[in-house]
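Residue-level listing of the chains:
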Amino acid sequence: MAAAVTPTGGGLRRLHTRPWLQGLRFTTPVCSLSTLASSCLSHSSSIPHSEEPTTIVTKPKTSENESKNPISYFPKRGQTLELVCETLAFKGKGLCKVADTGFIVMCDRALPGEKFVGRVTRRKDNYAEVKKVKTISPHWDCVVAPCEYASYCGGCKTQNLLYEAQVRAKEQQVHELIAHVGKFSDKDPEFRGVMKAIVPCDIQFHYRNKMEFSFGTRKWLPPELLLQEGDENNEYALGLHAPGFFDKVLNIDKCLLQSDPANRVLAAIQDCWRDPQFGLSPYNVYSHGGFLKHLMLRAGRNIETGQLELMVNFVTSSYKPELLKPLVEKISSFPDVVSIMNNVNTSVGNTSVGEEEYTLYGKSTITESLRGLAFQISANSFFQTNTHQAEILYQLIEDCACLKGDGSEIVLDLFCGTGTIGLTLAKRARHVYGFEIVDQAISDARRNANLNGICNATFVQGDLNKIDENFGKYFPKPDIVITDPNRPGMHMKLIRFLLNLKAARIIYVSCNPATCARDLDYLCHGVPEQNISGCYKLRSLQPVDMFPHTPHIECVCWLELC
Ligand SMILES: C[S@@+](CC[C@H](N)C(=O)[O-])C[C@H]1O[C@@H](n2cnc3c(N)ncnc32)[C@H](O)[C@@H]1O
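The rules behind these values
- Residues numbered from 1 in each chain as written.
- Predicted model: local features only at pLDDT ≥ 70, side-chain atom pairs only at ≥ 80, totals over all residues.
- Heavy atoms only, no water.
- Pairing = 2+ DSSP bridges.
- Helix = DSSP H or I, 4+ residues; strand = E, 2+ residues; numbered from the N terminus.
- Axes fitted to C-alpha atoms, helices over the stretch in contact; angles between N-to-C directions.
- Contact = heavy atoms within 4.5 Å.
- Near = heavy atom within 4 Å.
- Polar contact = N/O pair within 3.5 Å; in protein donor to acceptor, adjacent residues only side chain to side chain.
- Areas by Shrake-Rupley, 256 points an atom, 1.4 Å probe, with all protein chains shown as cover.
- Nonpolar A, V, L, I, M, F, W, Y, C, P; charged D, E, K, R; others polar.
- Core = buried A, V, L, I, M, F, W, Y, C linked by side-chain atoms within 4.5 Å.
- Buried < 20%, exposed > 50% of the residue type's maximum accessible area, 1.4 Å probe, protein only.
- Domains from an automatic or database assignment.
- pLDDT = per-residue confidence, 0-100.
- Expected span 1.5 Å × (residues − 1).
- Arc of directions from axis to C-beta.

## Some thoughts on the sheet that holds strand E10 (residues 249-251)
One open sheet accounts for seven strands, arranged E10-E9-E8-E11-E12-E13-E14; its pairing is mixed. Here the strands that pair on one side only, and so sit at the sheet edges, are E10 and strand E14 (356-362). Taken pair by pair, the neighbouring strands of this sheet meet at an average axis angle of 30°, ignoring direction. The pairing of strand E9 (residues 237-241) with E10 spans three bridges and is antiparallel. Within E10, the residue paired with Gly239 across the bridge is Asn251. Strand contacts of helix H5 (residues 260-272): strand E8 (210-216), E9, E10, strand E11 (292-301), strand E12 (308-316) and strand E13 (337-344), with the helix running at about 35° to E12, the strand carrying the most contacts.

The following block contains the structure:
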């Protein structure tokens, strides 16, 4: 097959056809991978598995004015610096260089082109973090953020950046990580053909089908608003966590990422849950007293009628349905609400998955259709949160999979969740084998296979970080492997397994370009320190924007056996 064939997929809208990065208005940090990046992404078998996103900082090339050894300069904690943000790095943080030194500092909510004063808050190995104190001149492509919480909320960080500039910055980030962590040479003309322009999201607001809000014992407000609002911050809160704080909740009446009907339900709950006669209290993360922990709102569609279906899930610290009764009565009157659930989570942790689950009203699942199939979704099942863009993502996966369609091929679907990817491919495959750690997701995958009359799919519960030499005995040799790990990427055991398995094609779907770049490096170039040889060639890498206004980036990578 010709190099760099683009899986096209009808209906895709790509923002631009310009050559790679041409037209960016800021100086691209021409990078060699910094020691920081190497230390974050160990090339040993002990790949970090924390859920915390990996921070990658690529080191800018030193200019003539800059010190040859920027690391000899290190700003002090508390020191203020005048900075210009050059680009966005992982987690959406602004990357800046200290004048005359090239020393890197990262600043949350600094956007490309913005000139500002920052105070050093943390020193890391070879970079520092700063907090913005004052903007001197605003960023490029500045727009007015439509959400009133945009400057404080941890959800959206770039609402005030023109959407086209957001996707350009994401595309640049992927490019740098693939070049520097993945070690795919920028100078190689073939590599340029491999990298595709990002697929933007046509729907930039109201795209999320699931939101999780938290109850808190105190409303959190940023210092500047605290002064205006007086004592109001003492009230109970229902909303989103302040960025980086598990104990601080920003009260929210409306979130522009979810649908209007979901916002109406949120507003109705906000309207009454503090009423003293209901006797409801938010869970206290310190004393572990209190009842209400989280409010999850999920949206789907009735498969027959296309009507919206809303699920409301109250996560509580104990089972007391009588306490929830007034809220259930109020929100069950909304025509879109078809399911009210109660997950009871008695642990002190912050998770919304309960040890017990009760149906308080209506049914226990909602439905959604994706790529022409019907899916039943329970309160705790993983389902792509942007259904509109998931259609496009799955189409890209299907295009990359290039199934012959004669029913002769075996598909291995690793990290299969509720089986959505494998099931959308099953009609063209001989058999699909899906593996996933969450029991409930496996039950959902089996139920969804039945619901769609699919008999050639087998779903198995198991931990893919703990596979042994017997793993390959559970299925015939696959022709195509789909791997869709969560943020920490693939464990070295799985990488070794795939390199030995030598399936003709791997489609790597990633929600973290940093760990994706690392794993692509292993699969294509091997791990020389461990005498592991790579045996794949990267044929295409397609970034997809699933989550406008947030730092998250999805990528679909197509690898062929050499
Ligand atoms: C990004 S989701 C992908 C789900 C699915 N492919 C889809 O598109 O809906 C990653 C999945 O990996 C599962 N997972 C995480 N760690 C795992 C492990 N160690 N072994 C197996 N599955 C794991 C998660 O439960 C989650 O369902």
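## Focus: the site of the ligand
In the vicinity of the ligand lie 18 residues, with Tyr394, Glu436, Asp463, Leu464 and Asp484 positioned nearest. Tyr394 places a polar side-chain atom, nitrogen or oxygen, 2.7 Å from an oxygen atom of the ligand. In the model, a nitrogen atom of the ligand is placed 3.0 Å from a nitrogen or oxygen of the Phe415 main chain. Taken by itself the ligand offers 600 Å² of open surface, and the protein chains cover 90% of this. Of the residues contributing to the shell around the ligand, the split by class is nine nonpolar, six polar and three charged.

## Focus: the nonpolar core
Of all hydrophobic cores here, the largest spans 84 residues; its most connected members are Phe213, Leu295, Val312 and Phe314. Broken down by element, this core gets its largest block of residues, eight residues, from helix H7 (residues 387-401). Counting contributing residues, this core receives three or more from each of domain 1 (210-370) and domain 2 (387-561). Here Phe314 is in contact with Ile269, Leu292, His294, Leu295, Leu324, Leu327, Ile331, Ile340, Met341, Asn342 and Asn343, once residues within four sequence places are set aside. One finds Leu464, Ile467, Val527 and Ile553 within the second-largest nonpolar core, a separate group that totals 47 residues.

## Thoughts on unusual backbone geometry
In the Ramachandran plot, Asp100 falls in the positive-phi region, its phi being about 70° despite a non-glycine side chain. Taking the relative accessible area as the measure of exposure, Asp100 reaches 55% and is therefore exposed.

## Some remarks on the pairing of strand E7 (residues 128-137)
Summarising the sheet, strand E5 (residues 104-107) and E7 pair through three bridges and their orientation is parallel. Counted as the bridge partner of Met106 is Glu129 from E7. By the bridge criterion, eight bridges tie strand E6 (residues 115-123) to E7 in an arrangement that is antiparallel. If you follow Arg119 over to E7, its bridge partner there is Lys131. As consecutive antiparallel partners, E6 and E7 are separated by four residues.

## Notes on the confidence of the model for the protein
When the pLDDT values of the protein are averaged, the result is 86; 85% of them are 70 or greater. Scored below 50 in pLDDT, residues 1-70 shows 174 contacts in the model against residues more than four places distant or in partner chains.

## As for helix H10 (residues 492-501)
Counted residue by residue, H10 has seven buried out of 10 residues, so it is predominantly covered. Residues of H10 that are buried include every one of Met492, Leu494, Ile495, Phe497, Leu498, Leu499 and Leu501, and no others. Those residues of H10 that are buried are in contact with strand E17 (410-414), strand E20 (480-483), strand E21 (505-510), helix H11 (513-525) and strand E22 (536-544). Positive phi shows up at Lys502, right after H10, with a value of about 55°.

## Structural notes on helix H9 (residues 439-451)
A rise of 1.5 Å per residue sets the reference length of H9, with its 13 residues, at 18 Å; its end C-alpha atoms lie 18 Å apart and thus fit the reference within 8%. Listing the buried residues of H9 in full gives Ala441, Ile442, Asp444, Ala445, Asn448 and Ala449. Axial view of H9: buried residues confined to an arc of 160°, hence all on one face. Projecting away from the buried face of H9 at angles above 90 degrees are the exposed residues Asp439 and Asn450. Buried positions along H9 lie against strand E16 (373-378), helix H8 (420-426), strand E18 (431-436) and strand E19 (457-461). One or two positions beyond H9, positive phi appears at Gly453, with a value near 65°.

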